[in-house]
Amino acid sequence: MRDYYEELWARLPAQTTAPDLALRTAFLRGRVGPGDRVLDLGCGDGHFIGPLTEAGATVTGADVAETALERARGRHPGAELVRVPFDGELPFADGSFAVVWASEVIEHVADTARWLSEARRVLVPRGRLLLTTPSHGRLRLALAGIEAFSPPLGDHLHLYTQRSLREVLTEFGFAAVRVRAAAGPPGLRRLLLAEGQR
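Residues numbered from 1 in each chain as written. Predicted model: local features only at pLDDT ≥ 70, side-chain atom pairs only at ≥ 80, totals over all residues. Heavy atoms only, no water.

## What about the overall build of the protein chain?
- The secondary structure content of the protein chain amounts to 7 helices and 7 strands.
- If you list the helices and strands of the protein chain from N to C, you get α-α-β-α-β-α-β-β-α-β-α-α-β-β.
- For the protein chain, the residues scored as buried account for 49% of the 198 residues in total.
- Intrachain contacts of the protein chain at a sequence separation of at least 6 include 65% that bridge at least 24 residues.
- A total of about 9500 Å² of accessible surface is found on the protein chain, and carbon and sulfur atoms cover 54% of it. (Helix = DSSP H or I, 4+ residues; strand = E, 2+ residues; numbered from the N terminus. Buried < 20%, exposed > 50% of the residue type's maximum accessible area, 1.4 Å probe, protein only. Contact = heavy atoms within 4.5 Å. Areas by Shrake-Rupley, 256 points an atom, 1.4 Å probe, with all protein chains shown as cover.)

In structure tokens:
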């Protein structure tokens, strides 16, 4: 899978426009503050490193693709950036971060159980997991069909609803879990914004 993501990042244009970037950034900024140590897990080319730094947080970016990290280094020279395994143990000590931020990542993860367990492990007690993922409510699937959101050769391995995302975060030990749908008309929201506490 690492090769897949290396090739994907090599094909992407140098300047990418992330979907719903303003909304995701506002969600993040409302929950991170000065002094927070944040792991941007699945940081890609570093879209969120700037806003996190501006909020006064200390940021470590992590991604499976070295090509993505090279782009992040170009955007944010001097940022702490680490390549991590696709589905393995994160190279950070227990309780290293106050916040784990993973935007548009969980849907790409093959071993969700291990990934969530690792995200939880590296959080301090009462640390916060913040994540976003596409919303796949029944109405959206009924109108467009599953192929529109998960083509056979696509990289989205999981589709989440508000309920399924809340359930999986709760199952893996996160407390005070909140998930809300955003971006789009009621019933057709395209984005889930989620948070939970270790």
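## A closer look at the packing of aromatic side chains
- Tallying each qualifying case throughout the model produces 3 aromatic pairs.
- Considering the side-chain rings of Phe-27 and Trp-101, the 6.2 Å spacing of their centres and the 40° angle between planes classify their relative orientation as tilted. Residue Phe-27 is located in helix H2 (residues 21-29), and its partner Trp-101 is located in strand S4 (residues 97-103); the two are separated by 74 residues in the primary sequence. Each member of the pair, Phe-27 together with Trp-101, is buried.
- Their ring planes at 85° and their centres at 5.2 Å tell us that Phe-92 and Phe-97 sit as a pair that is edge-to-face. Summarising the burial analysis for this pair, Phe-92 and Phe-97 share the class buried.
- Among the aromatic residues, ring-to-ring pairing joins Phe-27, Phe-48 and Trp-101 into one connected group. (Phe/Tyr/Trp six-rings, centres within 6.5 Å; stacked < 30°, edge-to-face > 60°.)

## Quick look at the environment of His-47
- Considering the arrangement of structural elements, one finds His-47 in the loop between strand S1 (37-41) and helix H3 (49-54).
- You can call His-47 buried: its relative accessible area is 15%.
- As a C-alpha pair, His-47 and Leu-21 span 26 residues in sequence and 8.4 Å in three-dimensional space.
- Leaving out residues up to four positions away in the same chain, His-47 has contacts with Thr-16, Ala-18, Leu-21 and Arg-75.
- A polar contact of 2.6 Å, which involves the side chain of His-47, links it to the side chain of Asp-45.
- There is a polar contact of 3.2 Å between the side chain of His-47 and the side chain of Arg-75. (Polar contact = N/O pair within 3.5 Å; in protein donor to acceptor, adjacent residues only side chain to side chain.)

## Considerations on the sheet that holds strand S2 (residues 58-63)
- Reading across the sheet, the 7 strands line up as S3-S2-S1-S4-S5-S7-S6 and stay open at both edges, with mixed pairing between neighbours. A single partner strand is all that each edge strand has here, and the edge strands are strand S3 (80-83) and strand S6 (175-182). Ignoring which end each strand starts from, the neighbouring axes of this sheet average 15° apart.
- Here S1 pairs with S2 via 5 bridges, running parallel. In the strand pairing of S2, Asp-40 is matched with Gly-61.
- Strands strand S5 (123-134), S6 and strand S7 (191-197) of the sheet are contacted by helix H7 (residues 162-171), whose axis makes an angle of about 160° with S6. (Pairing = 2+ DSSP bridges. Axes fitted to C-alpha atoms, helices over the stretch in contact; angles between N-to-C directions.)

## Focus: the layout of surface pockets
- Taken as a whole, the largest pocket encloses approximately 970 Å³ of empty space.
- If you go around the largest pocket, you meet 42 residues; those closest to its centre are Trp-9, Gly-42, Ser-103, Glu-104 and His-108.
- Listed by contribution, the elements that provide at least two residues to the lining of the largest pocket are helix H1 (2-11), S1, S4 and helix H5 (112-121).
- Looking at the lining of the largest pocket, its residues break down into 20 nonpolar, 10 polar and 12 charged. (1 Å grid on protein atoms, 1.4 Å probe; cavity = no way out; pocket = protein on both sides within 12 Å on 5 of 7 lines; lining within 4 Å. Points joined across faces, edges and corners; volume = space filled by probe spheres on them. Nonpolar A, V, L, I, M, F, W, Y, C, P; charged D, E, K, R; others polar.)

## Considering the pattern of salt bridges
- Counted according to the given criterion, the structure contains 10 salt bridges.
- A salt bridge links Arg-73 to Glu-66; the nearest nitrogen and oxygen atoms lie 2.7 Å apart.
- The exposure class assigned to Arg-73 is partly exposed, which follows from its relative accessible area of 35%.
- Within the structure, one salt-bridge network assembled from shared partners comprises Arg-31, Arg-178 and Glu-195. (Salt bridge = Lys/Arg side-chain N within 4 Å of Asp/Glu carboxyl O.)

## A word on the side chain of Ser-103
- Position of Ser-103 among the secondary structure elements: in strand S4.
- A relative accessible area of 8% places Ser-103 in the buried class.
- In this structure the side chain of Ser-103 is engaged in a polar contact, spanning 2.6 Å, whose partner is the side chain of Arg-24.
- A polar atom in the side chain of Ser-103 sits 2.7 Å from the side chain of Thr-132.
- Those residues within four positions of Ser-103 in sequence are excluded, and the remaining contacts are Arg-24, Phe-48 and Thr-132.

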